[in-house]
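Residue-level listing of the chains:
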Amino acid sequence: PSEPTKEDLLSQIKIKSLVSVYWEVDDRFYNAKILSRKRRSKHVYNLEYDDGSIEKNLDFRSVKFRLLDGKSVHNVTATDANEPDSSSSSSGAITSMVVSQEME
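Being a predicted model, the structure only gives us computed values, none of them experimental.

Section: the packing of aromatic side chains
Right, so step 1: Under the definition given, this model contains five aromatic pairs.
Right, so step 2: With centroids separated by 5.8 Å and ring planes inclined at 80 degrees, the aromatic side chains of W23 and Y49 adopt a geometry described as edge-to-face. Here Y49 lies in strand β3 (residues 44-49) and W23 lies in strand β1 (residues 18-23), a separation of 26 residues in the sequence.
Right, so step 3: Between the aromatic rings of Y45 and F60, the centroid separation amounts to 5.7 Å while the plane-to-plane angle is 80 degrees, which identifies the pairing as edge-to-face. Note that Y45 is positioned in strand β3 and F60 in the loop between β4 (54-59) and β5 (65-68), a separation of 15 residues in sequence.

Brief notes about unusual backbone geometry
Right, so step 1: Phi angles above zero are rare outside glycine, and K16 is one such case at about 80 degrees.
Right, so step 2: With respect to the helices and strands, the residue K16 is situated in the loop between α1 (6-12) and β1.
Right, so step 3: Unlike most non-glycine residues, N57 shows phi in positive territory, near 60 degrees.
Right, so step 4: With respect to the element layout, N57 can be found in strand β4.

Here we look at the confidence of the model for the protein chain
Right, so step 1: The pLDDT averaged across the protein chain works out to 73; a share of 64% of its residues lies at or above 70.
Right, so step 2: Segment residues 78-104 is flagged for pLDDT under 50; beyond a separation of four residues in sequence, or across chains, it makes 67 contacts in the model.

As for the pairing of strand β2 (residues 28-37)
Successive residues of a regular strand alternate their side chains across the two faces of the sheet.
Right, so step 1: When β1 meets β2, the two strands line up antiparallel, connected through six bridges. Its bridge partner being in β2, S20 is matched across the sheet by N31.
Right, so step 2: Two strands pair when backbone bridges link them, and β2 and β3 are joined in this way by five bridges, in the antiparallel orientation. Bridge pairing links A32 to Y49 in β3.

Topic: the nonpolar core
The tendency in soluble globular proteins is for nonpolar side chains to be buried as a group.
Right, so step 1: Residues I13, V21, L47 and F60 are the most contacted members of the largest nonpolar core, which totals 15 residues.
Right, so step 2: Those elements that provide at least two residues to this core are α1, β1, β2, β3 and β5.
Right, so step 3: Top element by residues in this core is β3. It accounts for three residues.
Right, so step 4: Leaving out residues up to four positions away in the same chain, V21 has contacts with R28, F29, Y30, L47, Y49, L58, F60, V63, K64 and F65.

What counts and what doesn't
- Residues numbered from 1 in each chain as written.
- Predicted model: local features only at pLDDT ≥ 70, side-chain atom pairs only at ≥ 80, totals over all residues.
- Heavy atoms only, no water.
- Phe/Tyr/Trp six-rings, centres within 6.5 Å; stacked < 30°, edge-to-face > 60°.
- Helix = DSSP H or I, 4+ residues; strand = E, 2+ residues; numbered from the N terminus.
- pLDDT = per-residue confidence, 0-100.
- Contact = heavy atoms within 4.5 Å.
- Pairing = 2+ DSSP bridges.
- Core = buried A, V, L, I, M, F, W, Y, C linked by side-chain atoms within 4.5 Å.
- Buried < 20%, exposed > 50% of the residue type's maximum accessible area, 1.4 Å probe, protein only.

Put into structure tokens, the structure is as follows:
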């Protein structure tokens, strides 16, 4: 099977989707749940992180994130890199479009 494109992954984000968002300043991913989508904006969402903090108006086209579906993890960045990295984690297979750390 071919690697999912950035657009494929962006189109899979739904309300209540579980994601992991990369924070460059901390050099790590943080898990969150999608709460809502901004009106008239296809890829801008409000989310709640596992620690209870809320982030509003996050544009997923401009951040590195992982889409968590329970069976696998998909990574994507705003640059839409085509450098696959095959890794594995305890939560299942990881399909990535960029080199990134495994889930913690």
